[in-house]
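A look at the structure
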Amino acid sequence: MSEKTRDEIAFSVFLLHALADAWRISVPDAFRLLQESEIMQGYIIPCYDALHCLGKEYLVDDITTFAREKGYAVVLCFTSIVSIAQPSLSMHTIQSLFF
């Protein structure tokens, strides 16, 4: 197996997990969606050279949009930790949900 093939597989696995997390579905369900829609073999693998240079959130948003254009109803849910500092208080951490 070539180094590029290994890199493509590692990238695909990374992206698969990122999409499953963002869509709040299991990894096998995300894999099935990417296979059924032909996004994995028609977009992610062939465009690896360009896609692997992009950030995780951009990739998730891009592939979510692509899946929706193909007729799949995916919901994008991001969970992030936001730190807020106030002059008279210590740091507080809140969890926010972005859609």
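Structural notes, computed from the coordinates. (Residues numbered from 1 in each chain as written. Predicted model: local features only at pLDDT ≥ 70, side-chain atom pairs only at ≥ 80, totals over all residues. Heavy atoms only, no water.)

Some words on the overall build of the protein
- Secondary structure summary: the protein contains 5 helices and 2 strands in total.
- Going from the N terminus to the C terminus, the protein shows its helices and strands as α-α-α-α-α-β-β.
- When burial is assessed residue by residue, the protein has 29% of its 99 residues classed as buried.
- Counting contacts in the protein only where the partners sit at least 6 residues apart, residues at least 24 apart contribute 42% of the total.
- Summed over all atoms, the accessible surface of the protein reaches about 6400 Å², with 58% contributed by carbon and sulfur. (Helix = DSSP H or I, 4+ residues; strand = E, 2+ residues; numbered from the N terminus. Buried < 20%, exposed > 50% of the residue type's maximum accessible area, 1.4 Å probe, protein only. Contact = heavy atoms within 4.5 Å. Areas by Shrake-Rupley, 256 points an atom, 1.4 Å probe, with all protein chains shown as cover.)

Remarks on the packing of helix 1 (residues 3-23) against helix 5 (residues 56-69)
- Orientation of helix 1 relative to helix 5, taken along the N-to-C sense of each, is 75°, at an axis distance of 10 Å. Accordingly, the angle class assigned to the pair helix 1 and helix 5 is roughly perpendicular. Of helix 5, the residues touching helix 1 (which contributes F11, F14, L15, A18, L19, A22 and W23) are K56, L59, V60, I63 and T64.
- By residue class, the composition of the contact of helix 1 with helix 5 is 10 nonpolar, 1 polar and 1 charged. (Axes fitted to C-alpha atoms, helices over the stretch in contact; angles between N-to-C directions. Parallel < 35°, antiparallel > 145°, perpendicular 65-115°, else oblique. Nonpolar A, V, L, I, M, F, W, Y, C, P; charged D, E, K, R; others polar.)

So, the pattern of salt bridges
- Overall, the coordinates contain 3 salt bridges when judged by the stated rule.
- Put simply, K4, E8 and D49 are held in one network by salt bridges that share partners. (Salt bridge = Lys/Arg side-chain N within 4 Å of Asp/Glu carboxyl O.)

A word on a nonpolar patch on the surface
- Residues M1, I9 and V13 make up a contiguous nonpolar surface patch of about 310 Å² in total accessible area.
- By the element assignment, I9 lies in helix 1. (Patch = residues over 30% accessible without salt bridge, like charges linked within 9 Å, V, L, I, M, F, W, Y side chains within 5 Å.)

Regarding unusual backbone geometry
- One non-glycine residue, R24, adopts positive backbone phi at about 55°.
- Here R24 lies in the loop between helix 1 and helix 2 (27-36).
- If you check the backbone angles, E38 has positive phi at about 65° while not being a glycine.
- Here E38 is to be found in the loop between helix 2 and helix 3 (39-44).

With respect to the packing of aromatic side chains
- Following the criterion strictly, the structure yields 3 aromatic pairs and no others.
- Considering the side-chain rings of F11 and Y48, the 5.6 Å spacing of their centres and the 70° angle between planes classify their relative orientation as edge-to-face. Of the two residues, F11 sits in helix 1 while Y48 sits in helix 4 (residues 48-51), which places them 37 residues apart along the sequence. Take F11 and Y48: they sit in the same class, and that class is buried.
- An angle of 70° between the planes, with centres 5.2 Å apart, marks the rings of Y43 and F66 as edge-to-face. Of the two residues, Y43 is situated in helix 3 and F66 in helix 5; the sequence distance between them amounts to 23 residues.
- What makes Y43 buried here is its relative accessible area of 19%.
- When its relative accessible area of 26% is taken as the criterion, F66 is described as partly exposed.
- What links up through ring pairs into an aromatic cluster is the set F11, F14 and Y48. (Phe/Tyr/Trp six-rings, centres within 6.5 Å; stacked < 30°, edge-to-face > 60°.)

Interpretation note: all reported values are geometric properties and have no functional meaning in isolation.
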